[in-house]
Amino acid sequence: DSEAPTSGKSAANSTNNCKRLMGERKAAERRQANQPNDADPDSHLSLGFVDEDDCTLWFCRKYYVEIEGASEEYVRIRDGLIKQGLEYVEWRMRFSDQYPFLPPRVWLHYPHLQGTNVWTNGGICAQVISEHTGGGWSPAMNINTLMISITNTTEGYKGVNVKQAAHKPHTEKGAMSDWGRIEQAHSGGWGDVKATK
């Protein structure tokens, strides 16, 4: 649970943050309107609030529909989902009151993926969401472009596949422990890796 802002400045930041996020939600709803699975027909992403009372926690569902000429990795993920009776991979995002000047924390929710940039507890190793100098985040980015980047990057790993064994969804708490280790691993920049999963 998040605590109430403790200062006027924090309150203002939170208010501005929610205005920006509400605007992004409305944009997502326009892209997703009257579409199968409420997903953008171009990116196959469905974006929205996990809880209507919390503008800072979002889901992103990437639907793996049949696409002619799709990559081997895409097809492998799609086949793995079908084996589990699923249609999409769900990601989660937590936004701070510093958004869009800082990126959201992003993690894989369910199902688990293997052979990619997802760490043990669902944290994502991706330069675009790093808070270190030299990271790829820009305040000009938005949630849609961010998640297109992350899902495309994840699909680009040659060994990516969907874990078939029984497992629970990744949690925010677990993913944040990964995030701390990921940031530490790249504290010297993204060309200087100090640790692994």
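Here is what the cut-offs are and how they apply
Residues numbered from 1 in each chain as written. Predicted model: local features only at pLDDT ≥ 70, side-chain atom pairs only at ≥ 80, totals over all residues. Heavy atoms only, no water. Helix = DSSP H or I, 4+ residues; strand = E, 2+ residues; numbered from the N terminus. Buried < 20%, exposed > 50% of the residue type's maximum accessible area, 1.4 Å probe, protein only. Contact = heavy atoms within 4.5 Å. Areas by Shrake-Rupley, 256 points an atom, 1.4 Å probe, with all protein chains shown as cover. pLDDT = per-residue confidence, 0-100. Pairing = 2+ DSSP bridges. Axes fitted to C-alpha atoms, helices over the stretch in contact; angles between N-to-C directions.

(A) Structural detail: the overall build of the protein chain. Within the protein chain one finds 4 helices and 6 strands. What you see in the protein chain, going N to C, is helices and strands ordered as α-β-β-α-β-β-β-α-β-α. Looking at the 197 residues of the protein chain, the share that counts as buried comes to 42%. Long-range pairs, those at least 24 residues apart, make up 64% of the contacts in the protein chain between residues at least 6 apart in sequence. Here the protein chain displays about 10,300 Å² of accessible surface, and carbon together with sulfur accounts for 49% of that area.

(B) Representation of the confidence of the model for the protein chain in the model. Of the residues in the protein chain, 87% have a pLDDT of 70 or more, and the chain-wide mean is 88. Here helix 1 (residues 8-32) stands out as the element of the protein chain with the lowest mean pLDDT, 79, in contrast to strand 3 (residues 88-94), whose mean of 98 is the highest.

(C) Representation of the sheet that holds strand 2 (residues 54-63) within the structure. Spatial strand order, 1-2-3-4: 4 strands in an open sheet with antiparallel pairing. Edge positions in the sheet fall to strand 1 (45-51) and strand 4 (105-110), since each has one partner strand and no second. For this sheet the average axis-to-axis angle between neighbouring strands, irrespective of direction, equals 30 degrees. Pairing of strand 2 with strand 3 involves 7 bridges; the strand directions are antiparallel.

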